[in-house]
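Below are the chains, spelled out letter by letter.
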Amino acid sequence: MGSADELLDIVDEQDRVVGQARRADSYARRLRHRCVFVLARDAEDRIFVHRRTAAKLVFPSLYDMFVGGVVGAGESYEAAALREAEEELGVRGLPAPVPLFKFLYETGEHSWWSAVHEVRCEPPVDPQAEEIAWHAFLTEEELAARLGEWEWVPDGLEAYRRLREWRAGRG
């Protein structure tokens, strides 16, 4: 099944399932659905950063500090986080990504519940060529230096901002 035909759960403002729709329809009609964001760190605690391919349905050719994607119909956030991380990083046997927090991402064009996770990725990565055009592991400082230089996916940038606030509030 092509990604545009993938069936998604449609959810309300409280993240309760209220129906289902094809992925392409959910984007075209701005139906609220679920997404996962996974911050992947290597053994040296660097963050996996990548540029999306030009063929991506949403935010093509932009940079992202998260791997992830939509949650399929009937799929849990946790299952989707592991599936997406293993697919995009091109590795098997990752530990279960740790759920951190959720937030509602809404703009005039998009609406999705976003579950932010973190995972340690020790094996060498072999990123999915259909999803990722370029990648590197960057330190927090290197990533911070590029936030104002590169064009980032807006939902990932918002998730990263909220992640930094969440961490600051826990320290």
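That block above? That's the structure.
Sequence positions are assigned chain by chain, starting from 1 and proceeding in written order. With the structure being a predicted model, the display of local features is reserved for residues of pLDDT at least 70 and the display and counting of side-chain atom pairs for 80 or more, all residues being used for whole-chain, interface and lining totals. The basis for the side-chain values is all heavy atoms of the structure; hydrogens and waters are excluded.

**Details of the environment of leucine 89**
Move 1: Secondary structure is summarised from DSSP: a helix means a run of H or I of at least four residues, a strand means a run of E of at least two, and numbering begins at the N terminus for each. For leucine 89, the position within the fold is in helix H2 (residues 77-89).
Move 2: Exposure is judged per residue with a 1.4 Å probe applied to protein chains only, and the accessible area is read against the type maximum: over 50% gives exposed, under 20% gives buried, and values in between give partly exposed. Overall, the relative accessible area of 0% leaves leucine 89 in the buried class.
Move 3: Along the primary structure leucine 89 and proline 123 are separated by 34 residues, whereas in three dimensions their C-alpha atoms are 9.7 Å apart.
Move 4: Look past the residues within four positions of leucine 89 in its chain and what remains in contact with it is Ala40, Phe48, Val67, Leu94, Cys121, Val125, Asp126 and Pro127. Throughout, a residue-residue contact means that at least one pair of heavy atoms, one from each residue, lies within 4.5 Å.

**Some thoughts on the layout of surface pockets**
Move 1: Cavity means a closed set of points on a 1 Å grid over the protein atoms alone, one where a 1.4 Å probe fits but cannot get out, pocket means an open set with protein on both sides within 12 Å along at least 5 of 7 lines, and lining means a residue has an atom within 4 Å of a point. Grid points are joined across faces, edges and corners, and a volume is the space filled by probe spheres set on the points. Here the largest pocket is characterised by a volume of approximately 500 Å³.
Move 2: Around the largest pocket sit 31 residues that line it, and Arg23, Arg52, Lys56, Gly68 and Gly69 are the ones nearest its centre.
Move 3: Lys, Arg, Asp and Glu make up the charged group, whereas Ala, Val, Leu, Ile, Met, Phe, Trp, Tyr, Cys and Pro make up the nonpolar group; the residues left over, Gly among them, are polar. Looking at the lining of the largest pocket residue by residue, the classes come out as 13 nonpolar, six polar and twelve charged.

**Things to note about the side chain of arginine 32**
Move 1: Counting through the fold element by element, arginine 32 comes out in the loop between helix H1 (23-28) and strand E3 (33-41).
Move 2: Owing to a relative accessible area of 13%, arginine 32 belongs among the buried residues under this scheme.
Move 3: For this analysis, a polar contact is any N or O atom pair within 3.5 Å, provided that within protein one partner can donate a hydrogen and the other can accept it, and provided that sequence-adjacent residues contribute only side-chain to side-chain pairs. Here glutamate 106 takes part through its side chain, which lies 2.8 Å from a polar atom of the side chain of arginine 32.
Move 4: Discounting chain neighbours no more than four positions away, the residues touching arginine 32 are Asp9, Ile10, Val11, Asp12, Glu13, Leu104, Glu106, Ser111, Trp112 and Trp113.

**Comments concerning the nonpolar core**
Among soluble globular proteins, nonpolar side chains are generally buried collectively.
Move 1: One finds Met65, Phe66, Trp112 and Val116 to be the most contacted residues of the largest nonpolar core, which totals 28 residues.
Move 2: Put simply, the parts of the chain that give this core at least two residues each are E3, strand E4 (47-52), strand E7 (98-106), strand E8 (111-120), strand E9 (132-138) and helix H4 (154-170).
Move 3: With four residues, the top contributor of residues to this core is E7.
Move 4: For methionine 65, the residues in contact, after removing those within four places along its chain, are Val38, Leu39, Ile47, Phe48, Val49, Leu143, Leu147, Trp152, Gly156, Leu157 and Tyr160.
Move 5: Only buried Ala, Val, Leu, Ile, Met, Phe, Trp, Tyr and Cys residues count toward a nonpolar core, and they belong to the same one when joined by side-chain atoms within 4.5 Å. Listed in part, the 20 residues of the second largest apolar core include Val11, Leu89, Trp113 and Cys121.

**A closer look at unusual backbone geometry**
Move 1: Positioned with a positive phi, phenylalanine 59 is a non-glycine residue whose angle comes to about 55 degrees.
Move 2: By the element assignment, phenylalanine 59 lies in the loop between E4 and strand E5 (63-64).
Move 3: Located in the positive-phi region is serine 61, a residue other than glycine, with phi close to 65 degrees.
Move 4: Take serine 61: it is sitting in the loop between E4 and E5.
Move 5: On the basis of relative accessibility, which here comes to 31%, the residue serine 61 falls in the partly exposed class.

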